[in-house]
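Spelled out from the first residue to the last, the chains are:
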Amino acid sequence: MYSKVQGRPWTGVGLMRRRSRLTHIACVFACLAIIVALHQLLLLAYTYNDYILALLPKPHLPQQIRSGRGHERGGTTVGDAGDEGRNGVPRILCLIITSPPYHVTRARHVAATWSPHCTRAVFLTTLEDPTLPEVLLTSGAATYDQLWEKVTKGFLWAYKVLGEFDWVVKADDDSFVFVENLRAAVKVLDPDSPLAAGVHLATWETGETYLNGGASYVLSRGAVRVLVERGIQDGKCQRELELGTLEDVNMAACLRLLGVKFLDSRDSEGRQRFHIYPPQELVDPRSEADLRHLWLRRVSVYPYKFGYGELSDEVISFHYVDAETMYLIYYLVYLVNPHADPPHRARSPLKPLPAQAT
């Protein structure tokens, strides 16, 4: 091969040098192109960063505690906490079942919404958490299969302070309990009688009635006393019953053995007040034919109906309530609802706009 400039052949070394220079030039241009492309990508990312962040997985919902109207201890029915126990206002102890994996996603939001309306709310778990107002450590009962042990530990503790309360509610960390409606429902009852209330279901195996634990259930002071003294401490339930891993079935069998009376928890029109599902599922009458809910037709002792017209005005609990729905229910019921506002607090009046400067 000959050089067109000098008229002599290219040497191997010359060809190598020429190719090396061309390679370097190509690398420089490639680097410049990459830099320009990265620059454009960074500009796009800066311009549309909100949209990019919106595509990322959401972090856990933070605990949101709102001071002011509706969030005082004892709620809107009781007003001053000192009214509890006087003038026939029932004192409610809430035992809320949780575990460390659900502190962030569930329990903290219960603590920020409905639990302050209890006379006292205690979270049963195996790990301390500063975001939970009061914790009862249930060591040795950490798994779902040990739920019966965890709940009995809670009632053993409640027995020690039983003189301070009239009724004890067992609720889950994804339940929403309207404590004021519960107070109204039990107000005329004698708390020293052995009584229990909740939604009545029948076991698949024997057809015996139990109070579904997810929908929450409530025991009178008298029921707690006989449960602890005869059922747990004396060991009557352990000796005479074949207890399994289902806490609510165990509890019902034990209470029945001890002579505790189960109350009809429906309202005067026969509508359920303790609910297994959240309100957005219950409000839709089509949910009754949903495959997930067909089991209720067989096991519900009383007709379990879906639909807006079937929801009780005196509802006491919902279950499977996620954190967002928990805040929404609390906001609508306790903050927006004008009838829940104490009469001594005036709502903010509408005001004219300030005059614009001329």
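Preceding block: the structure.
Every residue gets a number counted from 1 within its own chain, in the order that chain's sequence is written. Since the coordinates come from a predicted model, pLDDT governs what is reported: local features require at least 70, and pairs of side-chain atoms require 80 or more to be given and counted, while whole-chain, interface and lining totals use all residues. The basis for the side-chain values is all heavy atoms of the structure; hydrogens and waters are excluded.

Draft legend 1. Seen up close, a nonpolar patch on the surface. A contiguous nonpolar surface patch, about 600 Å² in accessible area, is contributed by L22, I25, V28, F29, L32 and I35. Secondary structure elements are defined from DSSP: runs of H or I of at least 4 residues count as helices, runs of E of at least 2 residues count as strands, and each element is numbered from the N terminus. Relative to the helices and strands, I35 resides in helix 1 (residues 12-47). Like-charged residues are merged into a patch within 9 Å and nonpolar side chains (Val, Leu, Ile, Met, Phe, Trp, Tyr) within 5 Å, provided each residue has over 30% relative accessible area and no salt bridge. Surface accessibility follows the Shrake-Rupley procedure with a 1.4 Å probe radius. Residue values consider only the protein chains on display as shielding. The term salt bridge refers to a side-chain nitrogen of Lys or Arg lying within 4 Å of a carboxyl oxygen of Asp or Glu.

Draft legend 2. Looking closely at the state of the cysteines. Note on terminology: disulfide denotes any pair of cysteine sulfur atoms within 2.5 Å. Enumeration according to the criterion identifies 2 disulfides in this entry. With a sulfur-sulfur separation of 2.0 Å, C94 is cross-linked through a disulfide to C118. Judged by the sign of its S-S torsion, about -90 degrees, the cystine formed by C94 and C118 is left-handed. Separated by 24 residues along the polypeptide, C94 in strand 1 (residues 92-97) and C118 in the loop between helix 4 (103-112) and strand 2 (120-125) bring together distant segments of the chain. Judged by its relative accessible area of 1%, C94 is buried. Only protein chains enter the area calculation, which uses a 1.4 Å probe; residues under 20% of their type maximum are buried, those over 50% are exposed, and those in between are partly exposed. The class of C118 is buried, set by a relative accessible area of 1%. Covalently, C237 is tied to C254 through a disulfide, its sulfur atoms 1.8 Å apart.

Draft legend 3. Main features of the packing of helix 4 against helix 12 (residues 323-336). Between N-to-C directions, angles cover 0 to 180 degrees, with each direction set by a line fitted to C-alpha atoms, over the stretch in contact for helices. One way to put it is that helix 4 packs onto helix 12 with a least axis distance of 9 Å and a crossing angle of 10 degrees. The orientation of helix 4 with respect to helix 12, classified from their angle, is roughly parallel. Between helix 4 and helix 12, the contacting residues are T105, H109, V110 and A112 on the first element and A323, M326 and Y327 on the second. Under this scheme an angle from 65 to 115 degrees is roughly perpendicular, one under 35 degrees roughly parallel, and one over 145 degrees roughly antiparallel; angles in between are oblique. Note on contacts: a residue pair qualifies if any of its non-hydrogen atoms lie within 4.5 Å across the two residues.

Draft legend 4. Quick look at the nonpolar core. Take the buried residues of types Ala, Val, Leu, Ile, Met, Phe, Trp, Tyr and Cys, join any two whose side-chain atoms come within 4.5 Å, and each joined set is a nonpolar core. With 79 residues, the main nonpolar core has L95, W114, F155, F176 and L219 as its most contacted residues. Not counting the four nearest positions on each side in its chain, L95 is found in contact with V122, L124, G154, F155, W157, A158, V168, V169, K170 and A171.

Draft legend 5. Representation of the packing of helix 5 (residues 147-160) against helix 9 (residues 247-257) within the structure. It is the contact of helix 5 with helix 9, at a shortest axis distance of 8 Å, that shows an interaxial angle of 55 degrees. The orientation of helix 5 relative to helix 9 falls into the category oblique. For the pair helix 5 and helix 9, the crossing hand works out as right-handed. Residues L147, W148, V151 and F155 of helix 5 form the contact with helix 9, whose own contacting residues are E247, N250 and M251. Residues are grouped as follows: nonpolar covers Ala, Val, Leu, Ile, Met, Phe, Trp, Tyr, Cys and Pro; charged covers Asp, Glu, Lys and Arg; every other residue, Gly included, is treated as polar. Each residue belonging to the contact of helix 5 with helix 9 can be placed in one class, and the counts come to 5 nonpolar, 1 polar and 1 charged. Take the far helix as the reference: if the near one is turned anticlockwise from it by less than a right angle, the crossing is left-handed, and if turned clockwise, right-handed.

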